[in-house]
Amino acid sequence: LPFKMAAKTSMHTIVSWIWITLFCFVTFHTDEGLCFSSKTPVIWKYKTGKNVDSSPVLSRDGGTLYVGSGDNYIYALNSRTGSVIWEYRTGDWVYSTPALSFERNALYVGSRDKHIYALDSRTGDTLWKYKTGGSVNSSPALSTDGSVLYVGSYDHHIYALNSITGDVIWKFKTGFYVFSSPVLSGDGSVLYIGSLDGYVYSLNSRTGGVIWKYRIGNWVSSTPILSRDGSTLYVGSRNSFIYALESSTGDVVWKYKTGASVFSSPTLSPDDSVLFVGSYDHCIYSLNSRTGEVIWKHETGFFVESSPTLSPDGLTVYVGSDDSYIYALNARTGDIIWKYKTGDEVISSPTIHPDGSTLYVGSYNSYIYALNLITGSTLIE
């Protein structure tokens, strides 16, 4: 009798476990991610017509999200609900990440249709557009006073345009396509950018004159980043190296060789002591920014083209991978906190809401995602 009772209890437990498992699978399993609790991390997702490689940007108040898509459109979405505020159609794929002028209520973005667009950020109306001689995949940057717009083009040029009229102030010719995006010094006097001609350029932002150029010898599509004191410039290259250059001279401070091309753009910790960057060797790296020594590296399942983003407190690194996952890593150790599976490559770089509650990112599966960072931790595998 005791044996029969035990067997009956055991069978009841097994049957209950099977029903619970089936219920959880049906209720919480989706093609885009695995939810291991009833708390789904997806606040909303919006389907565009094609891949989303552009990185989202937020309005000053955090209420509107702007992003481009391979379906040729630029979207303005309500950041809380994902509903469309406006959409604007260009003539080709929008890889470029928009730049915002809060003072002028203007949005600037490039398209593969060769144009640079200035749109009213509230309505999507055209303010002006300027046609270059090639695709504009580079993401624009504004001068410190917002009067000048800088951007690169596949016509080999770097442009400085009047941000109000779109008139050319100057243009500088490199030796090949310009995919990298411009970065300005703290006082706005110097512009740094890479080119697929294998050089990193330091230009006078007012005249376009060359201050220095450093020959890497292979594509530089990665966008440089400056240390907060302005002394060091960090950038990756197709030759697999990450470089730290003296910003005033272009001299090499250090260089670190990853296992493959570096198209990801680096990010610095709040105190500038740590550099985070991805590589085509499938890894996300944490490097000592002063020496280039590896602190940790985390291997994903495929190329890492996405650029890392830090949480407001600097404790978490968020980054996408071509293995279709978005990763949340401990910034100090590289340990995985959680990962979320989209339906395809994540080349887009994440953006965090100012209140730290939501992560926004695009995927090659055509969706723009808003993920809840509070319940995201339920996705750890």
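The following refers to the structure shown. (Residues numbered from 1 in each chain as written. Predicted model: local features only at pLDDT ≥ 70, side-chain atom pairs only at ≥ 80, totals over all residues. Heavy atoms only, no water.)

**Some words on the packing of aromatic side chains**
Quick note on the threshold: Aromatic rings from Phe, Tyr and Trp, with only the six-membered ring used for Trp, were paired whenever their centres fell within 6.5 Å, and each pair was classed as stacked if the ring planes differed by under 30 degrees, edge-to-face if by over 60, and tilted otherwise. The way it works is that DSSP assigns letters per residue, a run of H or I at least four long becomes a helix, a run of E at least two long becomes a strand, and they are numbered from the N terminus. Think of it as a cone above the ring: NZ of Lys or CZ of Arg counts as a charge over the ring if it is within 6 Å of the ring centre and within 35 degrees of the ring normal.
Within this structure, the stated rule accounts for 28 aromatic pairs. On the basis of an interplanar angle of 85° and a centroid distance of 4.9 Å, the ring pair of Phe-263 and Tyr-280 is categorised as edge-to-face. Here Tyr-280 lies in the loop between strand S23 (274–278) and strand S24 (283–288) and Phe-263 lies in the loop between strand S21 (252–257) and strand S22 (267–268), a separation of 17 residues in the sequence. By the ring-pair criterion, three or more aromatic residues cluster together here, those being Trp-93, Tyr-95, Tyr-154, Phe-176, Tyr-177 and Phe-179. Geometry around Tyr-325 places Lys-339 over its ring, the cationic atom sitting 4.3 Å from the centre.

**Here's the deal with unusual backbone geometry**
For clarity, the threshold we go by: Burial here depends on accessible area, computed with a 1.4 Å probe over protein chains only, as a share of the maximum for the residue type. Under 20% is buried, over 50% is exposed, and the range in between is partly exposed.
Notably, Lys-114 is not glycine yet its phi reads approximately 85°, a positive angle. Following the sequence through the fold, Lys-114 ends up in the loop between strand S7 (106–110) and strand S8 (115–120). Classification of Lys-114 as partly exposed rests on a relative accessible area of 33%.

**Focus: the pattern of salt bridges**
As a reminder of what qualifies: Salt bridge, as used here, is a side-chain nitrogen of Lys or Arg placed within 4 Å of a carboxyl oxygen of Asp or Glu.
Following the criterion strictly, the structure yields four salt bridges and no others. Close ionic contact of Arg-60 with Glu-103 constitutes a salt bridge, the shortest N to O distance being 3.2 Å. In this pair, Arg-60 is assigned in the loop between strand S2 (57–58) and strand S3 (64–68) and Glu-103 in the loop between strand S6 (99–101) and S7, connecting sequence segments 43 residues apart. Pair check on accessibility: Arg-60 and Glu-103 agree, each one exposed. The residue Arg-122 makes a salt bridge to Asp-120 at a minimum N-O spacing of 3.0 Å. When its relative accessible area of 11% is taken as the criterion, Asp-120 is described as buried.

**Some words on the sheet that holds S2**
Selection rule: By the convention used here, strands pair only if DSSP detects at least 2 bridges between them.
Here we have four strands laid out as an open sheet, ordered S2-S3-S4-S5, and antiparallel in their pairing. Since the sheet does not close on itself, it has two edges, and those belong to S2 and strand S5 (84–89), each with one partner. One ladder, built from two bridges, connects S2 with S3; its direction is antiparallel. Residue pairing across strands places Leu-58 opposite Leu-65, the latter belonging to S3.

**Looking at the pairing of strand S11 (residues 148–152)**
Most of S11 is tucked away: five of the five residues are buried. Going residue by residue along S11, you find Val-148, Tyr-150 and Gly-152 tucked away on one face and Leu-149 and Val-151 tucked away on the opposite face as well. Judged from the two bridges that link them, strand S10 (residues 141–142) and S11 form a sheet pairing that is antiparallel. Opposite Leu-142, over in S11, you have Leu-149 as the bridge partner. In textbook terms, the turn of a hairpin is the stretch between consecutive antiparallel strands, and for S10 and S11 this stretch comprises five residues, one of which, Gly-146, has a positive phi near 80°. As defined by bridge partners, S11 adjoins strand S12 (residues 157–162) across five bridges and the pair is classed as antiparallel. Among the inter-strand pairings, Tyr-150 is bridged to a residue of S12, identified as Ala-160. In this structure, the hairpin formed by S11 and S12 is closed by a connection of four residues, where His-156 is found at a positive phi of approximately 85°.

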